[in-house]
Amino acid sequence: MHEPLVVEFEVRAAPSHAFEVWTRRCATWWPAGHTVSGDPAQIVFEAQPGGRIFERAGDGGEHEWGTVIDWEPPARLRYRWHLFFDASEATEVEVTFSAAGEHTRVRLEQRGWEQLGQEGLSRRTRTGAAWTALTVDFARACGQRVA
């Protein structure tokens, strides 16, 4: 079994604001170069279990990224994730937002690497580096990273 990928950090924002930035303002922190179109006009999380996660390109085209499993604002979000891959290769991402004094502790756990066989380990490593880099932009969009 491949270990889950875990990324944890704090931002200077309330959990409700951090959840909002993650799900409703994703395009403010997600790099355009890490999208299918390279020109996302919008990144959408449909706010319900079964809802789609997708980018809407500047030309109106839509590109699927995943599917919402659990939608529990402002504390938790869980989804199937397959950005850049076929949906059959989706992993599961769970993000929690918990109060830590005046800040929010964000914990991202991505699991399901074992279903990808040998490729799972290398994809987990590459994905870990990407999520870690993205936390800086996410924290900036929230107000600032604390730890």
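Calculation rules
Residues numbered from 1 in each chain as written. Predicted model: local features only at pLDDT ≥ 70, side-chain atom pairs only at ≥ 80, totals over all residues. Heavy atoms only, no water. Helix = DSSP H or I, 4+ residues; strand = E, 2+ residues; numbered from the N terminus. Buried < 20%, exposed > 50% of the residue type's maximum accessible area, 1.4 Å probe, protein only. Contact = heavy atoms within 4.5 Å. pLDDT = per-residue confidence, 0-100. Polar contact = N/O pair within 3.5 Å; in protein donor to acceptor, adjacent residues only side chain to side chain. Core = buried A, V, L, I, M, F, W, Y, C linked by side-chain atoms within 4.5 Å.

Asks: Help me understand the environment of tryptophan 71 in this model?
Replies: Here tryptophan 71 is to be found in strand S4 (residues 62-72). Overall, the relative accessible area of 17% leaves tryptophan 71 in the buried class. Among all residues touching tryptophan 71, those that are not within four sequence positions of it are Phe19, Thr23, Arg24, Phe45, Glu46, Ala47, Gln48, Pro49, Arg76 and Leu77.

Asks: Whenever I open this one, the confidence of the model for the protein chain confuses me. Can you help?
Replies: Parts of the model with low pLDDT should not have their predicted coordinates read in detail. Confidence in the prediction for the protein chain averages 93 pLDDT; 97% of positions are at 70 or higher. Mean pLDDT values over the elements of the protein chain span from 91, in helix H2 (residues 118-142), up to 98, in strand S5 (residues 76-81).

Asks: When you look at unusual backbone geometry in this model, what are you seeing that I'm missing?
Replies: Comment: phi is negative for the bulk of residues other than glycine, and the bulk of peptide bonds are trans. Put simply, proline 73 and proline 74 share a cis peptide bond, and its omega is 0°. For proline 74, the location among the structural elements is in the loop between S4 and S5. Even without a glycine there, the phi angle at phenylalanine 84 is positive, about 75°. By relative accessible area, phenylalanine 84 is classed as partly exposed at 44%.

Asks: Got a minute to help me understand the environment of glycine 58 in this structure?
Replies: Along the chain, the position of glycine 58 falls in the loop between strand S3 (52-57) and S4. Separated by 20 residues in the primary sequence, glycine 58 and arginine 78 have C-alpha atoms spaced 27 Å apart. Leaving out residues up to four positions away in the same chain, glycine 58 has contacts with Asp39 and Ala41.

Asks: I keep staring at the side chain of arginine 78 and nothing clicks. Help me out?
Replies: Mapped onto the secondary structure, arginine 78 falls in strand S5. In this structure the side chain of arginine 78 is engaged in a polar contact, spanning 3.1 Å, whose partner is the side chain of glutamate 92. Residues in contact with arginine 78, not counting those within four places in the same chain, are Val68, Ile69, Asp70, Glu92, Val93, Glu94 and Arg111.

Asks: Looking at this structure, I do not really get the nonpolar core. What am I missing?
Replies: Within soluble globular proteins, side chains that are nonpolar tend to cluster in buried spots. If you look at the biggest cluster of nonpolar residues, it comprises 34 residues, and the most contacted ones within it are Trp22, Trp30, Tyr79, Trp131 and Phe138. Those elements giving two or more residues to this core turn out to be strand S1 (5-11), helix H1 (15-23), strand S2 (40-45), S4, S5, strand S6 (91-100), strand S7 (103-111) and H2. The greatest single-element share of this core, amounting to five residues, is contributed by H2. Contacts of tryptophan 22, omitting those with residues within four sequence positions, involve Trp29, Phe45, Leu77, Tyr79, Val95, Phe97, Leu108, Trp131 and Phe138.

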